[in-house]
There are 2 protein chains.
Amino acid sequence: VDPLFEIGLERPAKGSREAARTLYRQLKAAIADGRLAAGARLPATRKADAFFGVSRNTAAEVYGRLLDEAYVVSRRGSGVYVAERPSAPSPPADAHGSAAPDRRLNPFWLGQEVTAAMGFWRDRPGPAPATSDAAPADFRPALVDSRLFPYDVFRRVAAKQLRGLERRPASLKSPQGNQGNHSLREAVQSHIAVTRGVACQAQDVLITSGAQQAFDLLARTLVTPGRTVVALEDPGYPPLRVAFAAAGARLVPIGVDDEGLIVEQLPPDVGVICVTPSHQFPLGVAMSMRRRRALIAFAREHGAVIVEDDYDGEFRYDGSPLEALRTADAADVVFYVGTFSKCMLSALRLGFIVAPDWAMRTLTAAKNALDWHCSTPVQLSVAGFIAEGHLGRHVRRIRDVYRQRRQRLLEILQGDFGDWLTPIPSFYGMHVAAVAHAELDLDLDPLTEALARENVKIHALDRYYLGPPTRAGLVFGYGAIDPPRMAQGLSVLRQALRLSAMQPKKAASG
Amino acid sequence: VDPLFEIGLERPAKGSREAARTLYRQLKAAIADGRLAAGARLPATRKADAFFGVSRNTAAEVYGRLLDEAYVVSRRGSGVYVAERPSAPSPPADAHGSAAPDRRLNPFWLGQEVTAAMGFWRDRPGPAPATSDAAPADFRPALVDSRLFPYDVFRRVAAKQLRGLERRPASLKSPQGNQGNHSLREAVQSHIAVTRGVACQAQDVLITSGAQQAFDLLARTLVTPGRTVVALEDPGYPPLRVAFAAAGARLVPIGVDDEGLIVEQLPPDVGVICVTPSHQFPLGVAMSMRRRRALIAFAREHGAVIVEDDYDGEFRYDGSPLEALRTADAADVVFYVGTFSKCMLSALRLGFIVAPDWAMRTLTAAKNALDWHCSTPVQLSVAGFIAEGHLGRHVRRIRDVYRQRRQRLLEILQGDFGDWLTPIPSFYGMHVAAVAHAELDLDLDPLTEALARENVKIHALDRYYLGPPTRAGLVFGYGAIDPPRMAQGLSVLRQALRLSAMQPKKAASG
């Protein structure tokens, strides 16, 4: 039996670019997780249409990329075979991959793509810095500076709320209780009305353990396993992909340009469309009004829903305010996901979903099955923190801090890195992406690995792609780094770029 | 096409009792979720062997039960048909069931069995008591009396831990961080070593949002969707069933007798076996040593794993101490699930899994994908509470309170209810089950509904069964009720039983 028929390869989407991307992703995944074993022969490119439904040229392009990345080897006159020990282009820093698979475990969680995505924030293995002076220059995105958090205020609010809980013990009994504490849902409603222009009621809000649980919960309620097609921005946020993949979604990566998600690329059978319209993760672009309208219209026309991940919408610096996608008009098709990880502390593990009316009961049932509800003392503490006005004050204060870091970062990037990188304009959040000049053909993944050894943590754009990367570049988070350390880290980067640009790519890497 | 072939009915297990149970469950589920539509004809009982692989008598018994419960109707000389509007034997108090299904939602969560199980603790709809004097006599199991919790001590510990968090911010970076805070895992390890004789190390402990998330996490990592067979005690804990069903498990209910789970009934292809060996939920029996040894041996022989739900193991009153199933010898096949919902507060949402070495990395990866980790302030507060000795003191104190309630309950049951009910002996926990005398043929489900209207909340054993109930009876939780209210509630029950026993069952209910 031909192994390709055993691994259940999906038919790639229409359009040769789309098709190449899909086929590449599927073959890579099948090789990585062992469905396509070492030594298996891939079909000849002249049979590409019969096997994959793509043109010969498209298959040749995909095989070429897999050859470059050593997933497959070519034997003259014989064909293309899965390589003996496939080496991923960017092996993740991941303690999980080394565990021997056990047949008692659901193989999904053993896949390399899963462990890589969930090892997202983990450091690559290596000796830890000996002293705290050696704190890394940490440019990873989506981290925040917990030193800025007003712990004293929070502690006072938390103690007060715990005293209240003693007098009126929270009850598990009502459905409202399981949807989240009412005072927190009211606080969320007023917070997002002010900061994001989202008009909703407390009954539209479901409290989750951070945005990650919101993604998991949405995946489990919106995806019918093996059937539902889920469109994701590519590049995008890997842990979101894992949540949907784990629920049995059929993932389709969709390109992103200067106007955000390319709505025209959405397949007609899509059921769920995940977007970051305010501040695309990780590129940083804002979705244009034209695209927003097209996206809503597309979802309505095709009976799809939209998951809007507004992970750092509170932090706007320039440009005109952009509404969230979830306006009152779009309340029937948009699931708005917010989090307190950026504007407060990730360690609290609190986020929320503003859901359409027709879905809330089902979401609540699923939340109950997952863990009943979020920890009551934490919900009450955050509710009190918001209701007493502390969150508003805190956001204004740290926005000023991040604005200064951002200006300093952009000054350095534009001043010292103009030969290599061009920052992508963005107006929100706590990171900036910069595209590498194409003619330099920089090999950024080994470069970021070398930097990590020098205690400078910067992600290459590569690691955010599901399909083949369409842009090379770097992501500069400034949430967890202060300006002096930032300047030091960037000067180490500059040295490394200078060295790297001097050597031809292929010679340097092998 | 015969609808039965479309709904993918599984072949029932061997043994006529097993077979009847399985067939009943499958047909009921197919009717409840619409796979078997109203008006569909069931196969004639003489074709039972060909259709279902069961005897004609077994099929007749199953059809009889479905007729009794109005899932199907019989047309003379024509056969048995799915009823027009099937009415469940005990329609759940459940706001979810009324939502119109939307094709954008995963139909799993719309199934009546799911919403019923997850509405487990919810009150039936009806007017709420006007004043706090009208607090219900609440005999529902697995509730605890939050008035006994030392909020003042907890508040002090929590404030101290938050100050500590300020000095050394918790980090998301290490895999250990995502497996749970190290100080809490150490505190759990020493707590269960003392109270439950479980010898493990902090690295064997994974912190979860209560036992419910532990079940969900285990279901998602141990179940390969559509393939893995999961054996559950019947009667058992409905929210556990939902977690495994949602992950795509093939559920097999297994009977329980006076020695606990009937190991001899386990099918050879079982992958996961869920048990409550200390205090079977809800019957209360302890699993015998003979059965424990047989269960471990069975799991080893068949490559299965065991999920031990030790939900109230801290509360032992009489009898010789019974070790947890998860001894050092069984550390390779037992996943031990504990919770702080009983010994502290359910509202904290903290529980844990003691997992075999070979599974911990995968469990941690999945926990990360579900919600990264549990709320850090809550983890630290509970860790401090345990480390400072408060948990031990608290458990000793409330165990005395519950012991007194339990004695009072047993006195009344044995003194005033001897004509109707016999308590099942048990030595642990916060509830007692009592079996109704068979010759009375009491119809307990309508009786508990009538009691609920009189503000007395008691569950019939019926609602804990997945297959056809094999014992009729009532469950008396004493976690959330003090002795005076208990006595009042039981006298209302006694009146109702007296009335009910005077009327023949069928005449009373129809």
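As a reminder, the structure under discussion sits directly above these lines.
Residues numbered from 1 in each chain as written. Chains lettered and ligands numbered in written order. Predicted model: local features only at pLDDT ≥ 70, side-chain atom pairs only at ≥ 80, totals over all residues. Heavy atoms only, no water.

### Section: the packing of aromatic side chains
Note the threshold: Between 30 and 60 degrees the pair is tilted, below 30 it is stacked and above 60 it is edge-to-face, where a pair is any two Phe, Tyr or Trp rings, Trp via its six-membered ring, whose centres lie within 6.5 Å. Type-normalised accessible area, obtained with a 1.4 Å probe on protein chains alone, sets the label of each residue: buried when under 20%, exposed when over 50%, and partly exposed for intermediate values.
Under the defined criterion, the tally for this structure stands at 30 aromatic pairs over all chains. Both rings, one in Phe108(A) and one in Trp109(A), keep their centres 5.0 Å apart while their planes meet at 90 degrees; by these two values the pair is edge-to-face. Exposure remark for Phe108(A): the relative accessible area of 24% places this residue in the partly exposed category. By relative accessible area, Trp109(A) is classed as buried at 2%. Between Phe281(B) and Tyr464(B) the ring centres are 5.6 Å apart and the planes differ by 75 degrees, which places this aromatic pair in the edge-to-face class.

### Let's talk about a positive patch on the surface
Residues and elements named next belong to chain A. Defined as follows: Two joining distances apply to patches: 9 Å for like charges and 5 Å for nonpolar side chains (Val, Leu, Ile, Met, Phe, Trp, Tyr), and every residue must have over 30% relative accessible area and no salt bridge. Here the open area of atoms and residues is found with the Shrake-Rupley method and a 1.4 Å probe, where only the protein chains shown may cover a residue. What makes a salt bridge here is a side-chain nitrogen of Lys or Arg within 4 Å of a carboxyl oxygen of Asp or Glu, nothing more. The charged-residue count follows a simple rule in which Lys and Arg add positive charge and Asp and Glu add negative charge, with His and chain termini not counted at all. Every charge is mapped to an atom, namely NZ of Lys, CZ of Arg, CG of Asp or CD of Glu. Only DSSP runs of H or I covering at least 4 residues are called helices, and only runs of E covering at least 2 are called strands; the numbering of each starts at the N terminus.
A cluster of basic side chains, namely Arg41, Arg46, Lys47 and Arg56, defines a positive patch on the protein surface. With respect to the element layout, Arg41 can be found in the loop between helix 2 (16-32) and helix 3 (48-52). With a relative accessible area of 37%, Arg41 lands in the partly exposed category.

### Some remarks on the relation of the copies chain B and chain A
Defined as follows: To line up the copies, we fit them by least squares on C-alpha atoms, keeping just the residues with pLDDT of at least 70 in both.
Each copy of the sequence occupies a distinct position, and chain B is placed on chain A by a rotation of 180 degrees and an axial shift of 0.1 Å, giving an RMSD of 0.2 Å. What the superposition gives is, in effect, a two-fold axis relating one chain to the other.

### Quick notes on the side chain of Asp204(A)
All names here are of chain A. The condition that has to hold: Throughout, a contact is declared for two residues whenever any of their heavy atoms are within 4.5 Å.
Relative to the helices and strands, Asp204 is located in the loop between helix 8 (182-196) and strand 4 (205-208). Among buried charged residues, Asp204 stands out as having no salt bridge; its nearest opposite-charge side chain is Arg326, 4.4 Å away. Among residues more than four places away in sequence, those in contact with Asp204 are Arg326, Ile353, Val354, Ala355 and Met360.

### Overview of the pairing of strand 2 (residues 79-82) of chain B
Residues and elements named next belong to chain B. Stated formally: For two strands to be treated as a pair, DSSP must find at least two bridges joining them.
Note that strand 1 (residues 72-75) and strand 2 share 4 bridges and pair antiparallel. Bridge assignment links Arg75 to a residue of strand 2, and that residue is Gly79. Hairpin connection from strand 1 to strand 2: 3 residues lie between these consecutive antiparallel strands, with Gly77 at a positive phi of about 70 degrees.

### Observations regarding the nonpolar core
Definition in use: Nine residue types can take part in a nonpolar core, namely buried Ala, Val, Leu, Ile, Met, Phe, Trp, Tyr and Cys, and a core is a set of them joined through side-chain atoms within 4.5 Å.
Counting residues in each nonpolar core, the largest one holds 140 residues, and the members touching the most others are Phe476(A) and Phe476(B). Contact partners of Phe476(A), with chain neighbours within four places excluded, come to Phe139(A), Leu409(A), Leu413(A), Leu421(A), Met430(A), His431(A), Val432(A), Ala434(A), Ile458(A), Leu490(A) and Leu493(A). Membership of the second largest hydrophobic core comes to 104 residues, among which are Leu232(A), Trp109(B), Leu222(B) and Val337(B).

### Brief notes about the sheet that holds strand 13 (residues 431-436) of chain A
Residue and element names in this part refer to chain A. Going by this rule: All axes are obtained by fitting lines to C-alpha atoms, using only the stretch in contact for helices, and the reported angles, taken between N-to-C directions, cover 0 to 180 degrees.
Spatially, 12-13-16-15 is the arrangement adopted by the 4 strands of the open sheet, whose pairing is antiparallel. Two strands bound the open sheet, and with one partner strand each, they are strand 12 (421-423) and strand 15 (459-460). Here strand 15 runs beside strand 16 (residues 473-477); their pairing, made up of 2 bridges, is antiparallel. Residue Ala460 lies in a different strand from strand 16, and its bridge partner there is Leu474. Its contacts with the sheet put helix 15 (residues 390-416) on strand 12, strand 13 and strand 16, and the angle it makes with strand 13 is roughly 10 degrees.

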